[in-house]
Amino acid sequence: MTDAVTFCFLSQAFIGPMQVFGGGLQLAGRVRSGDVAVDLLRPASLQLWSLADDLGRAAYLFLLRSLPPTLLGAALFGIVVPTDPATWAAFAASFVLGVLIGFALRYLTALSCCWIVDDQGVQSLSLVLTLFLSGMILPLNLFPGWFGALARSLPWAAMVQLPADVYLGKRDALEALAFQAGWAAALLALGALVTRAARRKVVVQGG
Amino acid sequence: MIEVDRAGRSFTVGRGSARRTVHAVRDLSFTVGAGEFVGYLGPNGAGKSTTIKMLTGILAPTSGRLRVAGLDPTRRRTALARRIGVVFGQRTTLWWDLPLKDSFQLIRHLYKVDRMDFRRRLDELADLLDLGAFMDTPVRQLSLGQRMRGDVTAALLHDPAVLVLDEPTIGLDVVSKVAMRDFLRRLNAERGTTVLLTTHDLGDIEKLCRRVMLIDHGRLGFDGTLDDLRATAPDGESLEEVVARLYTGPPPEAPASP
């Protein structure tokens with residue numbers, strides 16, 4: 001029971017830094033308006049540039065959107081608090097990796113509007129996939145059979161379910177971190193490839 | 001400093017049976033030497049901005065090759081960014097919600113400009129462009145003229161060898177325009193910065209550019225000195241009339257296919 005309450009408060013705490021509901025990045029709007037041209041004038045990769053912006057936002061949201069409700073939840077309902085420092089260290093790493101994966105997925109979603117005129121459809125699809133497959137709506141270990149196994153192997157699982165599992169000590173920490181790191185590396189690499197393709201393919205809109 | 005060799009850029013637009021290829025720039029060749037001040041003219045949609053986007057590495061060309069400050073812009077975009085300064089008159093590179101001086105600090109870190117060099121250059125630019133009064137003002141509260149001066153400063157803090165200006169005087173009042181032109185002329189004369197200037201304001205061209213290039217339908221229609229350009233017209237015709245005639249004239253001849 002405490003585990004369930006803890007999961008609730010943790011998943012709430014992830015909403016801000018991991019941008020579970022999408023948003024955060026202004027990249028899609030900047031591609032549509034053509035302002036991305038200015039971003040490409042910087043001596044920095046577009047993906048790292050966007051990531052720096054997003055990490056700053058995540059840090060801010062962590063302080064304002066994650067800590068207060070969690071502390072309040074702990075005070076009012078009582079949540080599981082790990083005693084082992086190793087668990088905390090693993091959770092911190094898992095949390096950061098979750099933020100990275102959240103960024104990478106939103107970056108790819110935003111870049112899609114280099115090829116399609118309007119990204120709202122992709123954004124909505126991404127929102128549904130993220131909410132459902134991250135464990136935000138329903139913990140993934142309640143998903144049945146092969147579908148549950150599939151959901152738990154997709155990158156969205158690394159956003160909410162895995163950091164929570166690591167916190168609650170329900171998953172081998174190293175295995176979970178390796179899984180997250182693998183997805184983070186793969187998605188960021190894909191982001192780099194797509195950025196390159198975008199610069200070859202697309203029109204920078206406007207004057 | 002700038003070498004463009006048979007560069008082309010085409011876009012595929014539309015879909016289904018309406019799908020077609022638009023050649024924004026085709027077979028464009030020119031070179032700009034160090035220290036030159038070149039005006040780059042052309043009607044709307046002629047391919048000016050596309051050229052600038054290729055020169056700055058924002059867009060990859062679909063054919064031909066370019067070199068700017070010794071680098072291939074597409075492959076070495078971030079290295080090139082440290083050697084060139086770019087001002088888009090219709091966009092800003094400043095941070096909208098931050099005071100002007102904070103934007104400059106961010107740029108210092110971004111371009112890894114040495115602190116002393118930065119201080120010296122910023123003092124000099126702030127003096128020349130008269131930025132003192134609004135250094136602490138958030139960019140969103142600046143007038144267009146102030147913002148443009150801020151943008152030009154931002155483009156020069158890392159002391160680029162080449163400055164690319166895309167309509168830097170658009171929307172500026174007469175006084176601001178004159179101040180901007182004076183500044184650019186001095187920059188070119190005293191620091192030897194190579195300048196490529198795109199504008200629709202022929203006053204900019206007359207006051208600043210020794211050389212003029214004119215692009216139309218994605219091809220270079222004229223390349224020569226300002227006097228050469230005037231000489232293409234009967235006496236008494238204003239520069240405006242000369243340019244208008246070149247803009248509305250037949251598209252430049254396609255070079256014979258190899």
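Because the structure is a prediction, the values reported are computed rather than measured. (Residues numbered from 1 in each chain as written. Chains lettered and ligands numbered in written order. Predicted model: local features only at pLDDT ≥ 70, side-chain atom pairs only at ≥ 80, totals over all residues. Heavy atoms only, no water.)

## What to know about a nonpolar patch on the surface
- Together, Tyr60(A), Phe62(A), Leu63(A), Leu64(A), Leu67(A) and Leu71(A) make up an exposed nonpolar region whose accessible area comes to about 600 Å².
- Among the structural elements, Tyr60(A) can be located in helix H4 (residues 46-76). (Patch = residues over 30% accessible without salt bridge, like charges linked within 9 Å, V, L, I, M, F, W, Y side chains within 5 Å. Areas by Shrake-Rupley, 256 points an atom, 1.4 Å probe, with all protein chains shown as cover. Salt bridge = Lys/Arg side-chain N within 4 Å of Asp/Glu carboxyl O. Helix = DSSP H or I, 4+ residues; strand = E, 2+ residues; numbered from the N terminus.)

## As for the layout of surface pockets
- Its boundaries defined by the atoms lining it, the largest pocket holds a volume of some 800 Å³.
- Elements that contribute at least two residues to the lining of the largest pocket include exactly helix H2 (27-33), helix H3 (36-39) and H4 of chain A together with helix H3 (100-110) of chain B.
- A per-element tally of the lining of the largest pocket places H4(A) first, with six residues.
- Along the lines of polarity and charge, the residues of the lining of the largest pocket split into 12 nonpolar, six polar and eight charged. (1 Å grid on protein atoms, 1.4 Å probe; cavity = no way out; pocket = protein on both sides within 12 Å on 5 of 7 lines; lining within 4 Å. Points joined across faces, edges and corners; volume = space filled by probe spheres on them. Nonpolar A, V, L, I, M, F, W, Y, C, P; charged D, E, K, R; others polar.)

## Description of the sheet that holds strand E4 (residues 63-68) of chain B
Residues and elements named next belong to chain B.
- Here we have three strands laid out as an open sheet, ordered E2-E1-E4, and antiparallel in their pairing. Each edge of the open sheet carries a strand with a single partner, namely strand E2 (20-32) and E4. The sheet shows a mean angle of 30° between the axes of neighbouring strands, taken without regard to direction.
- Sheet topology note: the strand E1 (residues 2-13)/E2 ladder contains nine bridges and is antiparallel. If you follow threonine 12 over to E2, its bridge partner there is threonine 21. (Pairing = 2+ DSSP bridges. Axes fitted to C-alpha atoms, helices over the stretch in contact; angles between N-to-C directions.)

## Considerations on the packing of aromatic side chains
- Considering all chains together, one arrives at 15 aromatic pairs over all chains under this definition.
- Pairing Phe14(A) with Phe91(A) gives two aromatic rings, centres 6.3 Å apart and planes at 35°, and the pair type is tilted. On the criterion of sequence distance, the pair formed by Phe14(A) in helix H1 (residues 2-15) and Phe91(A) in helix H5 (residues 85-111) is long-range, its members being 77 residues apart.
- In this structure Phe14(A) comes out as buried when scored by relative accessible area, which is 1%.
- Residue class for Phe91(A) comes out buried when judged on its relative accessible area of 12%.
- Their ring planes at 55° and their centres at 6.1 Å tell us that Phe91(A) and Phe95(A) sit as a pair that is tilted. Linking Phe91(A) with Phe95(A), this pair stays in helix H5, spanning four residues, or about one helical turn.
- Taking the relative accessible area as the measure of exposure, Phe95(A) reaches 13% and is therefore buried.
- Taken together, the ring pairs in this structure connect Phe14(A), Phe62(A), Trp88(A), Phe91(A), Phe95(A) and Tyr167(A) into an aromatic cluster.
- Directly above the aromatic system of Phe118(B) lies the positively charged group of Arg108(B), at a separation of 5.8 Å from the ring centroid. (Phe/Tyr/Trp six-rings, centres within 6.5 Å; stacked < 30°, edge-to-face > 60°. Buried < 20%, exposed > 50% of the residue type's maximum accessible area, 1.4 Å probe, protein only. Lys NZ or Arg CZ within 6 Å of the ring centre and 35° of its normal.)

## Comments concerning the sheet that holds strand E6 (residues 162-166) of chain B
Residue and element names in this part refer to chain B.
- Taken together, six strands build an open sheet; the order of strands is E5-E6-E7-E3-E8-E9 and the sheet is mixed. Only two strands of the sheet have a single neighbouring strand rather than two, namely strand E5 (84-88) and strand E9 (219-225). Recorded for the sheet is a direction-independent mean angle of 15° between the axes of neighbouring strands.
- The pairing of E5 with E6 spans five bridges and is classified as parallel. Bridge pairing in E6 links phenylalanine 88 to aspartate 166.
- Helix H1 (residues 48-55) rests against strand E3 (37-41), E5, E6, strand E7 (194-198) and strand E8 (211-216) of the sheet, and its axis sits at about 150° to E6.
- Helix H5 (residues 144-156) rests against E5 and E6 of the sheet, and its axis sits at about 160° to E5. (Contact = heavy atoms within 4.5 Å.)

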